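One-letter residues, chain by chain:
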Amino acid sequence: MMTGSDPRESNYNPQAIRNDPHNAPDLELHKSPLYTGGLALAICGWLISFVCTIVLGSSGFTWFVVVFTLVLLLMAIAALFTQSVWHYRFPLLTLTAAVIGLLIFQIDDTIYDKTRSIIALGAGSLITAVGLAPWLFLFGRDDDIDSAEVINHQVTTNRQPMVQARNQSTSQPAPAIAPIPPVVPVTTATTPKPTNLPSNNNYPYQAQALYGYEASPDDPNEVSFLKDEVVHVADTKGKWWQAKKSDGSTGIVPSNFFRIV
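Residues numbered from 1 in each chain as written. Predicted model: local features only at pLDDT ≥ 70, side-chain atom pairs only at ≥ 80, totals over all residues. Heavy atoms only, no water.

## Some remarks on the sheet that holds strand β1 (residues 205–209)
Sheet strands pair via backbone hydrogen bonds, and the direction of the pair is either parallel or antiparallel.
And then number 1: Read across the open sheet, the 5 strands follow the order β4-β3-β2-β1-β5; overall the sheet is antiparallel. The sheet is open, and its two edges are formed by β4 (250–254) and β5 (258–260), each paired on a single side. With strand direction ignored, the average angle separating the axes of adjacent strands in the sheet is 45 degrees.
And then number 2: The sheet contact formed by β1 and strand β2 (residues 230–233) spans 4 bridges and is antiparallel. Residue pairing across strands places A207 opposite V231, the latter belonging to β2. (Pairing = 2+ DSSP bridges. Helix = DSSP H or I, 4+ residues; strand = E, 2+ residues; numbered from the N terminus. Axes fitted to C-alpha atoms, helices over the stretch in contact; angles between N-to-C directions.)

Laid out in structure tokens, this is it:
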């Protein structure tokens with residue numbers, strides 16, 4: 001089949017993708033308003049819950065939630081001042097999810113009570129949960145560089161699965177074939193060189209090759225062509241077109257290597 005890779009593979013530059021700011025991971029999560037604003041709101045809610053816990057003289061689960069939330073907030077503050085939020089996003093994400101789950105249980109047990117201090121405790125837990133909730137989306141984003149490379153590689157090259165399937169049909173590479181020299185039309189002294197192929201009712205379309213192609217020696221139906229070569233095409237539907245070259249030879253060609261002219 002084809003002796004080389006898809007010509008459009010030359011457009012794929014992993015280093016350029018890594019340097020692309022649209023694909024690079026967000027290393028400055030500490031500057032995100034979702035992080036700083038959520039941290040400030042969570043601290044305010046925690047202080048309310050802490051004061052209410054002392055006033056109520058609570059113990060057990062309530063203090064566990066307060067202390068566990070404090071651990072998360074201290075870790076978040078340390079990551080903020082060291083500008084290392086992105087590096088510790090996964091531990092922060094895990095702790096945030098656990099704390100929000102505990103706060104939900106505490107809110108359900110306190111927010112509907114008739115005692116003001118208990119209601120205040122539930123309100124503080126609710127404020128803390130609201131501040132932490134955006135972190136689940138902030139830390140849960142997929143900023144993996146390799147995934148971005150794969151996606152942009154597929155978009156940039158715009159490959160057709162047909163070419164990949166045909167290239168994988170054999171485990172051994174096809175032998176190299178010398179490129180076919182361009183065919184020069186025969187002209188006379190009084191007749192200018194023709195610029196277009198002769199018309200043919202069975203091949204009503206003209207197409208120009210975007211890339212060169214070597215026909216497979218195992219498939220006699222294929223025909224080779226050079227880059228920028230113009231051929232006649234019988235039908236423009238499907239992944240393979242029936243084509244006729246200027247020398248009269250006919251065969252099938254891959255449609256994604258041509259553009260209609």
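Read on for the rest.
## A short note on unusual backbone geometry
And then number 1: At Q83, a position not held by glycine, the phi torsion is positive, near 55 degrees.
And then number 2: One non-glycine residue, D228, adopts positive backbone phi at about 75 degrees.
And then number 3: Tracing the backbone through its elements, the reader meets D228 in the loop between β1 and β2.
And then number 4: Owing to a relative accessible area of 46%, D228 belongs among the partly exposed residues under this scheme. (Buried < 20%, exposed > 50% of the residue type's maximum accessible area, 1.4 Å probe, protein only.)

## Some remarks on the environment of D228
And then number 1: Along the chain, D228 and R259 lie 31 residues apart, while their C-alpha atoms are 9.9 Å from each other.
And then number 2: If sequence neighbours within four positions are ignored, D228 has contacts with Q208 and A209. (Contact = heavy atoms within 4.5 Å.)

## Here's the deal with the side chain of Q208
And then number 1: Examined against the element boundaries, Q208 turns out to sit in strand β1.
And then number 2: What makes Q208 buried here is its relative accessible area of 19%.
And then number 3: Polar contacts involving the side chain of Q208 include one to the main-chain carbonyl oxygen of D228, which spans 3.4 Å. (Polar contact = N/O pair within 3.5 Å; in protein donor to acceptor, adjacent residues only side chain to side chain.)

## Describing helix α5 (residues 116–139)
And then number 1: Its 24 residues place the ends of α5 35 Å apart at the C-alpha level, agreeing with the 34 Å of an ideal helix rising 1.5 Å per residue.
And then number 2: Buried within α5 are the following residues: S117, L121, G122, G124, S125, T128, A129, G131, L132, W135, L138 and F139.
And then number 3: Residues of α5 that are buried sit in contact with α2 (33–56), α3 (61–81) and α4 (89–110). (Expected span 1.5 Å × (residues − 1).)

## Topic: the UniProt feature "transmembrane region" (unreviewed entry) in the chain
And then number 1: The UniProt feature table records "transmembrane region" (unreviewed entry) at residues 34–56, 63–82, 88–105 and 117–138.
And then number 2: Spanning residues 34–56, this segment combines 100% helix with 0% strand, and its end C-alpha atoms are found 32 Å apart.
And then number 3: Across residues 117–138, the secondary structure splits into 100% helix and 0% strand, with the terminal C-alpha atoms separated by 33 Å. (UniProt positions renumbered as here; feature names shortened; annotations may be inferred.)

## Comments concerning α3
And then number 1: For α3, which comprises 21 residues, the first-to-last C-alpha distance of 31 Å matches the rise-based estimate of 30 Å (1.5 Å per residue) to within 8%.
And then number 2: For α3, the full list of buried residues reads T62, V65, V66, T69, L72, L73, A76 and A79. Projected down its long axis, α3 shows its buried positions confined to an angular sector of 155 degrees, all on one face. Exposed residues on α3 whose side chains face more than 90 degrees from its buried face are L74 and F81.
And then number 3: The elements touched by buried residues of α3 are α2, α4 and α5.
And then number 4: Directly after α3, the chain includes Q83, whose backbone phi takes a positive value near 55 degrees. (Arc of directions from axis to C-beta.)

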